Amino acid sequence: MIYLIRPSKLFVFICLVLQLNLYFSAFSKMNDSVILEYIFLFIIFITAIILFINFEFDICDAELVCTTKFLGFSIYKKEIYKKNIVNIKLSKSKNWTYIKFKKGFNVKINDYKYKKMHADLIAFAEKNDICIDEK
């Protein structure tokens with residue numbers, strides 16, 4: 001089952017508007033700092049790119065797949081096999097899941113709106129004999 005995880009974009013959009021406002025108010029009066037102006041434009045560009053990033057989480061029979069997408073194109077994909085997972089921590093009240101691995105970086109998934117995702121992760125863990133911690 002594929003779950004779309006879309007982080008809140010309101011905070012990023014507000015930051016982008018404030019950065020643009022600061023850029024046009026500060027650099028319209030100054031002509032001396034060209035390097036600072038390019039650095040500030042780069043920060044505005046990165047903030048604008050963040051608005052178009054989404055995540056997918058796929059629960060298969062023998063693996064979990066985390067995909068990062070930019071404008072619908074996959075830019076990063078991590079396949080997590082059942083033999084690499086040590087345990088899965090679930091919190092129903094705060095809507096987060098923490099997946100701990102034997103090697104590599106652990107994955108924390110939060111702010112998702114699917115109630116069925118907990119049940120699917122529990123079924124995946126029970127099917128593959130993975131330890132589950134629920135809070």
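Scroll up to find the structure this text is about.
(A) Focus on the pairing of strand β4 (residues 73–81). With 8 bridges joining them, strand β3 (residues 63–70) and β4 adopt antiparallel strand pairing. Note that in β4 the partner of E63 across the bridge is Y81. In this structure, the hairpin formed by β3 and β4 is closed by a connection of 2 residues, where L71 is found at a positive phi of approximately 55°.

(B) Looking closely at the side chain of D58. Along the chain, D58 falls in strand β2 (residues 53–59). With no salt bridge to any partner, buried D58 finds its closest opposite charge in K77, at an N-O distance of 7.3 Å. Each residue touching D58, except ones within four places of it in the same chain, is listed here: M1, I2, E63, L64 and V65.

(C) Quick peek at the layout of surface pockets. Quantified by volume, the largest pocket comes out at close to 380 Å³. Taken together, 17 residues line the largest pocket, and the ones lying closest to its centre are I5, F55, K108, I109 and N110. At the level of secondary structure, the elements contributing two or more residues to the lining of the largest pocket comprise β2, β3, β4 and β7 (107–110). If you tally residues by element for the lining of the largest pocket, the top one is β7, at 4 residues.

(D) Looking closely at helix α3 (residues 116–127). Under the 1.5 Å per step criterion, the end-to-end length of α3 is 16 Å for 12 residues, consistent within 8% with the ideal 16 Å. For α3, every residue scored as buried is listed here: M117, H118, D120, L121, I122, F124 and A125. Note on α3: the residue one or two positions beyond its end, D129, has a positive phi of about 55°.

(E) The sheet that holds strand β1 (residues 2–5), seen in detail. The strand order β1-β2-β3-β4 describes an open sheet built from 4 strands, whose pairing is antiparallel. The open sheet terminates on both sides in strands that have one partner only, identified here as β1 and β4. Adjacent strand axes in the sheet meet at a mean angle of 20° when their direction is disregarded. Alignment of β2 against β3, held across 7 bridges, turns out to be antiparallel.

(F) Local environment of helix α2 (residues 34–50). End to end, α2 covers 25 Å across 17 residues, agreeing with the expected 24 Å (1.5 Å per residue, within 8%). Listing the buried residues of α2 in full gives F40, I44 and T47. Seen end-on, α2 carries its buried residues on one side only, within an arc spanning 60°. Exposed side of α2, more than 90 degrees from the buried face: I35, Y38 and F42 are the residues found there.

(G) Representation of the pattern of salt bridges within the structure. Counted by the stated rule, this structure contains 2 salt bridges. Here K69 ties to E56 by a salt bridge, and the two come within 3.3 Å at their closest N and O atoms. Here K69, found in strand β3, pairs with E56, found in strand β2; they are 13 residues apart in sequence, far enough to count as distant. Two residues, K127 and D61, come together in a salt bridge whose shortest N-O distance is 3.4 Å. Of the two residues, K127 sits in helix α3 while D61 sits in the loop between β2 and β3, which places them 66 residues apart along the sequence. Each of the two residues, K127 as well as D61, counts as exposed.

Quick notes on the rules
- Residues numbered from 1 in each chain as written.
- Predicted model: local features only at pLDDT ≥ 70, side-chain atom pairs only at ≥ 80, totals over all residues.
- Heavy atoms only, no water.
- Pairing = 2+ DSSP bridges.
- Helix = DSSP H or I, 4+ residues; strand = E, 2+ residues; numbered from the N terminus.
- Buried < 20%, exposed > 50% of the residue type's maximum accessible area, 1.4 Å probe, protein only.
- Lys, Arg positive; Asp, Glu negative; His and termini not counted.
- Salt bridge = Lys/Arg side-chain N within 4 Å of Asp/Glu carboxyl O.
- Contact = heavy atoms within 4.5 Å.
- 1 Å grid on protein atoms, 1.4 Å probe; cavity = no way out; pocket = protein on both sides within 12 Å on 5 of 7 lines; lining within 4 Å.
- Points joined across faces, edges and corners; volume = space filled by probe spheres on them.
- Expected span 1.5 Å × (residues − 1).
- Axes fitted to C-alpha atoms, helices over the stretch in contact; angles between N-to-C directions.
- Arc of directions from axis to C-beta.

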